[in-house]
Amino acid sequence: MKLGKKIFEIIFHARGGQGAKTAAELLAQAALLEGKFVQAFPDFGPERTGAPMKTFVRISDEPILTHEPIVDPDVVVIMDETLLGIVEVSKNLDEQENLIVNSTKDRETISQKTGYVGNIFPIDATGLSAEIIGEPRPNTAILGKLVNITEVVKLESVAEVFREKYLDKIGQEKTDKNIQAIEKAYDSI
Amino acid sequence: MTDKKKNIALTGGAAAAEALKQINPDVMPVYPITPQTPIIETYAKMVADGEADTEMIQVESEHSAMSATVGASAAGARAMSASSSQGIMLMAEVLPIASGMRLPILMLVSARAISAPINIHGDHQDVMFVRDSGWIQIFSENSQEVYDNTFIALKLAEKAGLPAMVIMDGFQTSHSVENLEILEDSIAKKIVGEYNPKNYLLDFENPKTFGPVSLPNSYFEFKRAQIEAMGGVIGKLIEINKEYSDISGREYDLFEAYKMDDAEKAIVVVGSTAGTAKVAVDELREQGEKVGLLKIKLFRPFPYKQIADALKNAKQIAVLDRTVSFGSVAPLYSEIANATGKKDLQSYIYGLGGREIFKEDIKKLFQDNWENKKVKYIGLK
């Protein structure tokens with residue numbers, strides 16, 4: 001986080017239907033569980049499946065008053081590698097900040113495509129979720145990586161919130177597998 | 001467990017639904033038009049899950065939604081609805097019927113732009129369009145205020161015998177997850193109380209009629225009585241705010257004066273932008289600038305006297321409207337000019353159709369010259 005900044009800010013870039021909004025809300029609820037103040041909101045627009053979209057998360061130890069969109073993030077997450085080079089992902093993202101990309105591409109390729117020369121963390125969240133959950137659901141898995149890099153919340157908080165929110169909806173097995181995917185992404189290098 | 005339940009994070013729409021669940025209204029006619037909001041989506045699920053036993057009536061249009069709400073309320077039910085944008089436009093014919101029949105209907109509104117051109121984003125054009133429909137209008141800054149205002153407005157509507165709108169900013173509040181504290185169910189239930197309408201159609205012992213023909217020999221008197229009822233709202237709201245503040249521990253007033261005590265330059269703003277503006281004010285204060293803001297909560301009826309008093313020490317005032325009045329000055333500007341008697345206020349229009357407004361925009365406008373009297377536009381390309 002930049003000097004003097006009190007609010008940790010995250011931008012998720014994704015395509016409509018990839019669950020970026022869900023990921024953002026899970027992260028916010030996990031921070032809430034730790035007694036933090038949060039904000040999670042999509043960059044508002046008609047929700048169209050497949051269309052590029054953004055969603056924002058703010059996490060702070062103090063109440064959050066602002067309602068402006070995030071323009072100076074501390075970390076950017078790209079949920080879909082086909083967005084590389086299409087949307088501007090590194091605006092105001094300093095070199096010592098972090099870009100997390102769901103991709104099988106290497107750092108260099110991502111850097112070339114985005115023009116970002118700071119910390120890049122590629123993770124094959126789609127492959128990982130397909131392998132563990134049996135479905136391509138990068139949104140939960142990528143949270144593991146985000147938590148590992150930023151330490152903005154504890155991994156256990158994300159798992160607890162996921163369990164609380166989804167156990168009734170998707171059952172024990174799928175819940176466990178999603179959490180497993182989050183944990184595996186957390187541990188991945 | 002209790003603590004955990006009290007501190008939650010919800011969208012403004014879901015916060016309204018949480019309050020509705022605790023209120024558990026008798027009837028709620030709704031129409032899931034686009035743009036609908038998370039208010040109905042969330043509350044309909046709560047009812048379907050058996051968490052509340054409101055009779056949800058899915059009607060065929062927003063016009064019908066308000067008509068059915070009027071019918072249910074006149075019959076003696078605690079009746080509510082929710083709407084937004086074009087939905088409000090379609091309801092517009094029925095809104096003065098609700099107020100003219102003096103029905104204490106509560107409506108949750110996610111304020112948005114109106115067509116044409118088509119736009120589903122947030123601004124205040126829909127609610128400002130119906131500001132003369134005889135409804136009480138209370139604006140909210142965030143999820144917490146949406147939740148609290150839902151209880152406050154319900155009490156106020158029932159005490160005043162007038163319908164009330166609780167307004168949140170479309171998207172900025174309706175779709176943003178934010179922290180809020182909610183009341184214990186038992187406390188919420190006590191605040192809400194039993195609904196005992198004085199006049200209702202199903203009172204067979206004392207038959208009454210609602211909304212009959214009233215010709216030139218009586219119509220004027222009905223309207224005069226309605227004006228009186230509206231005039232009594234401010235006093236009632238002050239009482240309700242006090243009670244609610246005591247119970248909730250959160251301070252509620254007709255408006256919020258933020259760092260106004262020694263403010264030389266003050267802005268007047270309404271809705272979610274007040275939050276962003278507070279950060280701007282804080283940062284300018286750190287640089288030693290004497291700036292402040294007045295956030296309007298109650299817009300109808302407009303508390304002229306109290307607002308004039310709150311603004312009396314400010315040397316310069318700018319008013320931010322998120323709507324327009326074509327061929328006239330903007331609505332909030334007009335009210336503030338009326339309240340203060342000052343004709344040299346600065347008027348700003350911002351955020352139409354969801355155009356973003358940033359803290360830096362607000363900091364910059366404090367540096368502007370506010371004396372040339374021309375309307376200025378924030379964020380216009």
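Residues numbered from 1 in each chain as written. Chains lettered and ligands numbered in written order. Predicted model: local features only at pLDDT ≥ 70, side-chain atom pairs only at ≥ 80, totals over all residues. Heavy atoms only, no water.

## Points about the overall build of chain A
From N to C terminus, chain A includes 5 helices and 6 strands. For 189 residues, the compact-globule estimate of 2.2 N^0.38 gives 16 Å, and the C-alpha radius of gyration of chain A, at 15 Å, lies within 12% of that figure. C-alpha extents for chain A along the principal axes are approximately 40 × 40 × 35 Å. Residues counted as buried form 53% of the 189 residues belonging to chain A. Long-range pairs, those at least 24 residues apart, make up 59% of the contacts in chain A with a sequence separation of at least 6. Taking the average place of the 22 positive charges on the side chains of chain A and the average place of its 30 negative ones, the gap between the two points comes to 4 Å. (Helix = DSSP H or I, 4+ residues; strand = E, 2+ residues; numbered from the N terminus. Rg over C-alpha atoms; globule rule 2.2 N^0.38 Å. Buried < 20%, exposed > 50% of the residue type's maximum accessible area, 1.4 Å probe, protein only. Contact = heavy atoms within 4.5 Å. Lys, Arg positive; Asp, Glu negative; His and termini not counted. Charge placed at Lys NZ, Arg CZ, Asp CG, Glu CD.)

## What to know about the pattern of salt bridges
On inspection of all chains with the given rule, the structure shows 40 salt bridges over all chains. Salt-bridge contacts for arginine 163 of chain A lead to aspartate 176 of chain A; the nearest nitrogen and oxygen are separated by 3.1 Å. Residue glutamate 141 of chain B pairs with lysine 295 of chain B through a salt bridge whose shortest N-O separation is 2.7 Å. Here glutamate 141 of chain B is found in the loop between β6 (136–139) and α8 (143–160), whereas its partner lysine 295 of chain B is found in strand β11 (residues 291–296), with 154 residues between them in sequence. (Salt bridge = Lys/Arg side-chain N within 4 Å of Asp/Glu carboxyl O.)

## Concerning helix α3 (residues 38–48) of chain B
Restricting attention to buried positions, one finds in α3 of chain B the residues Pro38, Ile39, Ile40, Tyr43, Met46 and Val47 of chain B. Directly beyond the C-terminal end of α3 of chain B, a positive phi value near 80 degrees is found at glycine 50 of chain B.

## Examining the pairing of β11 of chain B
All names here are of chain B. Of all 6 residues in β11, 6 are buried, a share of seventy percent or more. Where burial is concerned, the two faces of β11 agree: the one with Val291, Leu293 and Lys295 and the one with Gly292, Leu294 and Ile296 are both buried. In terms of strand pairing, strand β9 (residues 255–258) meets β11 through 4 bridges, oriented antiparallel. By the bridge assignment, alanine 257 is partnered in β11 with leucine 294. Sheet topology note: the strand β10 (residues 265–270)/β11 ladder contains 6 bridges and is parallel. By the bridge assignment, alanine 266 is partnered in β11 with glycine 292. (Pairing = 2+ DSSP bridges.)

That's the geometry; what it means functionally is another story.
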